[in-house]
Amino acid sequence: MEKILNLITAEMKKAFARCGYEESYAKVVLSNRPDLCEYQCNGAMAAAKAYKKKPIDIAGQVVESLRAARDEGGAAMFSEVQAVMPGFINLRLAGGFLAGYLNGMQREGKLGLEEPGHGETIIVDYGGANVAKPLHVGHLRSAVIGESIKRMGNFLGYHMVGDVHLGDWGLQMGLIIEELRSRKPELPYFDEGYQGEYPSEPPFTIGELEEIYPAASIKAKGDEAFKERAQTATFKLQNGYGPYIAIWRHIMAVSLADLKKNYDSLDVHFDLWKGESDAQPYIPWLIEDLQQKGLAYESQGALVVDVARDSDAKEFPPCIIRKSDGAALYATSDLGTILEREKLYAPAKYIYITDKRQELHFTQVFRVAKKAGYVKEDTPMVHIGFGTMNGKDGKPFKTRDGGTMRLECLIGDINEAVYGRIRENRTMPDEEAAQTAKTVGLAALKYGDLSNQAAKDYIFDLERFSSFEGNTGPYILYTIVRIKSILAKCKEASGQAKEARILAAEGGTEKGLMLELSKYNDALLNAFAEAAPHKVCQYVYDLANAFNGFYRDNKILAQEDKALQASWIRLITLTKDVLATCIHVLGFEAPDQM
Ligand code: ARG
């Protein structure tokens, strides 16, 4: 279905044209004074300059024309149109028109969503976990934001390909290999004369692996010789040294199983489990090609590509492709990955989601990719850089003893807080309460993150996020659960209501709810166009508030006018469906009870 705002604008354009004014002035926006009107058009002010007339005269003329069209039985879209000083056109929608729009939403698939996508492939690079290092809260934001953008895109008709793009090829591998050698020198991987097959059993458990890496990392800080050995091991691994490749495979297998479990618990699912290692086969060609094209040149022993543009406000550093010691870098593997993605998917767009501190890196990579012609000039490459998740002290979130908080622990904490609230509120069997706490806890965590504009830092506030009131995930779920429970209570009436239509409402919280519902299409399309899940959160929050206002003012179960009751049941069913659809694209679901 056409967005409601577009329908209103189209009507306004006709009126401007009838009065002899350029249609482009007929822009309609949501009212910023809901007490005065629902929508407004401020175009008469701009038109006044062009036509050398008073804004109020133009507004008055357009209003007259809208009224005349209505009186002639034309589109009865507005119940009220008014010209107001200095030249605003204030609008209220006719109840019948609005109800008709909502009835259309009920009838159509995806609640009348207009799908802008036609199966175009979009790569979403998110998650970005580093193998053998435990997932920590820093990875949370990428996973949560990326999953939502991916779900939105799929829902809107694009073919979203989500890739976790693991950090699986860096120094952490050499550190683990060397630490393993010092702990278990007897392993065949360290025996240069060993001829046999390497064991299929990994030489460590996930618990050990998680302990080995931090220990090695600390050791490397104080022990220069150890660090050098780790660098050499990394270099040998990257050059395909058999025994180390065998260890690397074990690290990957053990670590991946654990990562998958963690992402599953976040209800985050990737289409591809690729990583930096997959980019390596493309790198020799990449370097040669960049040199041949005359783009890469030697600078202080390193190989670099200039990416500065005249339009840059600041000096823009070149992109380093190879270090003086011959090692490839983060940018090199991102370029290699782009070559692979072009070959396998030829995507129409790229979206990367990382910490905003990586912005320079991505700008450099995107510029090289375009300059070398690997990615078409008009293919959008977008980096969504997010801010830091801080603790209540305003500093990056840490555990109580100052360590890095592991994601699992964070999820555990939030589930516990929610569990407490559920037990406080009502008596639910323990097991059910624990299950519900998981569902609600995930919503608390994800909504707490997504409701902030991604680029901003935010404070992780367990108390606030898990509250059932205010702009929180649990509040949204609570609203859905409330609707489900009303519908269950009037089951018989609900059955009959299936045939019913939503009836017109001329005002009050009933119309308020209808107005919110009609913005669904607009809200989702805008949020995706701007890759901004927080806009979906804002919409569901407004909608939940509108519903709760309606619920407060109207006794649905006790309503004696059966036609009206049936209309209300349809209305709240639609509300539930819109809310459920929106939270699904945000990445969480509602329980049946809470
Ligand atoms: N592994 C990286 C990190 O932890 C994030 C990877 C992001 N994606 C990419 N294509 N560079 O910082």
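About the criteria used
Here, residues in each chain are numbered from 1, in the same order as that chain's written sequence. In keeping with the predicted nature of the model, local features appear solely for residues at pLDDT of at least 70, side-chain atom pairs appear and are counted solely at 80 or more, and the whole-chain, interface and lining totals rest on all residues. Side-chain calculation: all heavy atoms of the structure are included, whereas hydrogens and water are not. Each helix is a run of H or I in the DSSP string that is no shorter than four residues. Each strand is a run of E no shorter than two, and both are numbered from the N terminus. Working rule for contacts: check all heavy atoms of both residues, and any pair within 4.5 Å makes them a contact. Counting rule applied: Lys, Arg positive; Asp, Glu negative; His and chain ends not counted. Note that the charge is assigned to NZ on lysines, CZ on arginines, CG on aspartates and CD on glutamates. Should a side-chain nitrogen of Lys or Arg be within 4 Å of a carboxyl oxygen of Asp or Glu, the pair is scored as a salt bridge. Working definition: with a 1.4 Å probe on protein chains only, accessible area under 20% of the residue-type maximum means buried, over 50% means exposed, and in between means partly exposed. In this description, a disulfide is simply a cysteine sulfur pair whose atoms lie within 2.5 Å. Whether two strands pair depends on DSSP finding at least two bridges between them. A fitted line through C-alpha atoms serves as each axis, taken over the contacting stretch for helices, and the angle formed by two N-to-C directions is quoted from 0 to 180°. A helix's residues, less one, multiplied by 1.5 Å, set its expected span.

Enquirer: Help me understand the overall build of the protein chain in this model?
Expert: Looking only at helices and strands, the protein chain has 22 helices and 13 strands in total. Oriented by its inertia axes, the alpha-carbon framework of the protein chain measures out at about 95 × 65 × 40 Å. Residue pairs at least 24 apart in sequence account for 74% of intrachain contacts in the protein chain once pairs closer than 6 positions are excluded. Both charge centroids of the protein chain, one from 71 positive and one from 81 negative side chains, sit 4 Å from each other.

Enquirer: Looking at this structure, I do not really get the pattern of salt bridges. What am I missing?
Expert: Between side chains of opposite charge, a pair can form as their charged atoms come close. Following the criterion strictly, the structure yields 34 salt bridges and no others. A salt bridge links Glu 115 to Lys 110; the nearest nitrogen and oxygen atoms lie 3.3 Å apart. Under the relative-accessibility criterion, Glu 115 is labelled partly exposed at 37%. On the accessibility criterion, Lys 110 (33% relative accessible area) is partly exposed. Put simply, Glu 179 and Arg 183 hold a salt bridge, and the shortest N to O gap is 2.8 Å. Here Arg 183 and Glu 179 lie together in helix α6 (residues 171-183), a separation of 4 residues that amounts to about one turn. Residue class for Glu 179 comes out buried when judged on its relative accessible area of 5%. Judged by its relative accessible area of 35%, Arg 183 falls in the partly exposed class.

Enquirer: Explain the state of the cysteines here, please?
Expert: Two cysteines joined by a covalent bond between their sulfur atoms form a disulfide. The final tally for this structure, using the stated rule, is 0 disulfides. Its sulfur unpaired, Cys 537 is 9.6 Å from the next cysteine sulfur, which belongs to Cys 582.

Enquirer: Please explain the sheet that holds strand β11 (residues 381-386) as it appears in this structure.
Expert: Strand pairing in a sheet relies on backbone hydrogen bonds. The paired strands run either parallel or antiparallel. Taking strand neighbours across the sheet as the criterion, the 4 strands line up as β6-β5-β10-β11 in an open arrangement whose pairing is parallel. Looking along the sheet, the strands with just one partner apiece sit at the ends: β6 (159-163) and β11. Strand-to-strand twist across the sheet, computed as the mean angle between neighbouring axes with direction ignored, equals 20°. As paired elements, strand β5 (residues 121-125) and β6 share 5 bridges and run parallel to each other. Across the sheet, Ile 122 pairs through a bridge with Met 160, a residue of β6.

Enquirer: How should helix α13 (residues 359-371) be read in this particular structure?
Expert: In an α-helix, one full turn covers 3.6 residues, which means residues spaced three or four apart are oriented alike. In this model, α13 (13 residues) spans 18 Å end to end at C-alpha, consistent with the 18 Å of a helix rising 1.5 Å per residue. Where α13 is concerned, the buried positions are His 361, Phe 362, Gln 364, Val 365, Phe 366, Arg 367, Val 368, Ala 369 and Lys 370. Buried residues in α13 make contact with α11 (283-292), β8 (302-305), β9 (319-322), α12 (330-344), β10 (349-355) and β11. Following α13 by one or two positions, Gly 373 adopts a phi angle in the positive range, close to 80°.

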